[in-house]
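Descriptive structure summary
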Amino acid sequence: MATSLSFHQFSPQTFQARDWRRKFRPAVNLKPNGNSVVSCSASGNGRGGPGDDAVKDVERRLEEKRRAELSARIASGEYTVEKPSFQSQLKNGLSKLGLPKEIVEFIVNVTGGSGNYLKIPEAKGSIGAIRNEPFFVPLYELYLTYGGIFRLTFGPKAFLIVSDPSIAKHILKDNQKSYSKGILAEILEFVMGKGLIPADGEIWRVRRRAIVPALHQKFVAAMFSLFGDATDRLCKKLDAAASDGEDVEMESLFSRLTLDIIGKAVFNYDFDSLSVDTGIVEAVYTVLREAEDRSVAPIPVWEIPIWKDISPKLRKVNAALKLVNDTLDDLIAICKKMVEEEELQFHEEYMNERDPSILHFLLASGDDVSSKQLRDDLMTMLIAGHETSAAVLTWTFYLLSQEPSVMAKLQNEVDSVLGDRFPTVEDMKKLKYAARVINESLRLYPQPPVLIRRSLGDDMLGKYPIKKDEDIFISVWNLHRSPHHWEEADKFNPERWPLDGPNPNETNQNFSYLPFGGGPRKCVGDMFATFETVVAVAMLVRRFDFQLAIGAPPVKMTTGATIHTTEGLKMTVTRRQRAPVIPNLEVSTLNVDSSPNIQEADQIRPASIS
Ligand code: HEM
């Protein structure tokens, strides 16, 4: 079954909340006030003068005022109407008839509950109403109206939308055993099988225990030369574009950068997609696009048996999947041979210097696993670690192009910390502002914008009872932009995270901020991804200035698994004019003994093994 919600094109600038609200029929006493409260960072070429700043300032103040008024009205209970449940009404009715308390309780219990519970606020609508938006955007409007938990009903389908930090914590951490990946596992089955993201229960537990140790500190430190080399290849491409005066489409370049990195890191395969377009690269993209298409398709046509044979698109997808799977099988076989021939003893921070990949670690650890499961896990990590990091880089550069003062501060830090060196693991402690830029980019554009779960049994979410098999969307977008938790929630403001404070994560932000999820299913690649993106940003802004290209299409959002742009991120890249520094382009070599403890308080919290 696929989700019937559509995640299509959306323009933050043109989104008409009022029109959209009209199409939605509230199930409770909703009085729309017509205020649009979603405002993503303004599009433009980031070259505005002081006049633009004044306009921006007035807009910001008006927005704040509108938001404050709306918050007050929501707080007054004007919108969020809590209806007593059927059981509660029944109990009242029976009591009024004068029946003994025991009999009342008995009748209420056999009809399904104790009668004291509230009914979850409910919003109803038609799919058509949100077909043209990435669906997390209207969910934000509904959140401001209905509150931190509400049920969204489309015809026969219903989803619980959670935007309350304590309920998110309950589902992801405190009572995580009562929730599965639900729809997500169904959609991703064709490509990830029982890989770590869709897997549940015992398979997930066993695979998580096998995989997390592979991303140890020494491995992550070894990845720095890989991050540096790949980003350097991108720099060379940009250098050529700058010389030729050609604009570049950064979103696709970031996608290639992170594909090259994750291929080497996970199974020691050099896609080299920044340089060449091979069949395997095209196959990977075909499979990825299909996974995204399935996550937004209203009807799961791929489940119709005959469709597989007659649909040219599905035939192409199946051929691509076969090519990727065969390549993975070959890589597993090659790696097995290497492991058999090597004399290295396996230990906790085991790493083969020639091939430090996660696959090599897993095979050397004697991981007792079928080839199919291993392939599923590799494919899962390829997808999980590719699109997410690419999206983070895309939106970070978009945001930087909108805030020249942030860019200037970032470039100052990078110049003074790095000069012309490649970044090393030691530099991560000093590139504090760069890390805050990534933290803030992940707040405004969380990848993915919603986390999906399904209840495995009855449970209480806050004060509301829920039943087994409820499909739940935890809206990270709403949590990260909530006016209740953030000042100037829509503003790109890395300064909101003090440089001398801890690295923000779900624990120290009480689940108001969860860029890498939380609880036992937290991202296993959090540290890897943070360092990868900091290195890429640092190396790029050190060499170039980036501005939205004149005449480029406005940057709008659309989404599949992560948030993409609708028409790319077209930028003009110019070499920075700086005082000459003595170049030292040596790639940092791994020096594990002297590497700092990258798990210290101000650094990145490692993924937990549960
Ligand atoms: C900036 C980049 C990344 C972001 C924003 C990100 C985000 C996330 C989030 C939010 C989750 C939790 C999903 C859920 O609870 O439903 C997750 C899980 C996961 N991520 Fe990442 N991720 C990133 C990079 C990576 C990388 C580089 C890898 C691999 C090396 C990776 C591997 C995984 C895996 C395997 C899981 C599933 C863990 C489990 O269910 O036990 N991610 N990621």
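Residues numbered from 1 in each chain as written. Predicted model: local features only at pLDDT ≥ 70, side-chain atom pairs only at ≥ 80, totals over all residues. Heavy atoms only, no water.

For the rest of this paragraph, the subject is the coordination of the iron atom of the ligand. Looking at the protein side alone, the iron atom of the ligand has one donor only, Cys-523 (SG), at 2.3 Å. If you trace the backbone, Cys-523 turns up in the loop between helix 19 (476–481) and helix 20 (526–543). (Donors = N, O, S within 2.8 Å, 3.2 Å for Na, K, Ca; no water. Helix = DSSP H or I, 4+ residues; strand = E, 2+ residues; numbered from the N terminus.)

Feature annotation in UniProt places "binding site: heme" (unreviewed entry) on Cys-523, given in this structure's numbering. A residue is classified by how much of its surface remains accessible, and Cys-523, at 30% relative accessible area, is partly exposed. (UniProt positions renumbered as here; feature names shortened; annotations may be inferred. Buried < 20%, exposed > 50% of the residue type's maximum accessible area, 1.4 Å probe, protein only.)

Moving on: the site of the ligand. Neighbouring the ligand are 26 residues; Trp-204, Arg-208, Arg-453, Arg-521 and Cys-523 lie closest to it. Residue Trp-204 places a side-chain N or O atom 2.7 Å away from an oxygen atom belonging to the ligand. Contact between the ligand and Arg-453: an oxygen atom at 2.8 Å from a side-chain N or O atom of the residue. Those elements that provide at least two residues to the shell around the ligand are helix 9 (201–211), helix 16 (371–402), strand 7 (450–455) and helix 20. With 5 residues, the single largest contributor to the shell around the ligand is helix 16. Within the shell around the ligand, the residues separate by chemical class into 15 nonpolar, 6 polar and 5 charged. (Near = heavy atom within 4 Å. Polar contact = N/O pair within 3.5 Å; in protein donor to acceptor, adjacent residues only side chain to side chain. Nonpolar A, V, L, I, M, F, W, Y, C, P; charged D, E, K, R; others polar.)

It is worth spelling out the pairing of strand 7 at this point. The element strand 7 is extensively covered by neighbouring structure, given that 6 of its 6 residues are classed as buried. Along strand 7, one buried face is formed by Val-450, Ile-452 and Arg-454 and the opposite face, lined by Leu-451, Arg-453 and Ser-455, is buried too. Direction of pairing for strand 5 (residues 179–180) relative to strand 7: antiparallel, over a ladder of 2 bridges. For Ser-180, the partnering residue across the bridge sits in strand 7 and is Arg-454. In terms of strand pairing, strand 7 meets strand 10 (residues 471–475) through 5 bridges, oriented antiparallel. Considered in strand 10, the bridge of Arg-454 is made with Asp-471. (Pairing = 2+ DSSP bridges.)

Glancing now at the pattern of salt bridges. Per the counting criterion, the structure on display carries 35 salt bridges. Among the ionic pairs, Arg-205 bridges to Glu-202, the shortest N-O distance being 2.8 Å. A residue pair is termed a helical-turn pair when its members lie 3 or 4 positions apart in one helix, as Arg-205 and Glu-202 do in helix 9 at 3 residues. Its relative accessible area of 33% is what places Arg-205 among the partly exposed residues. When salt bridges that share partners are traced, they join Arg-233, Asp-260, Asp-270 and Asp-272 into one network. (Salt bridge = Lys/Arg side-chain N within 4 Å of Asp/Glu carboxyl O.)

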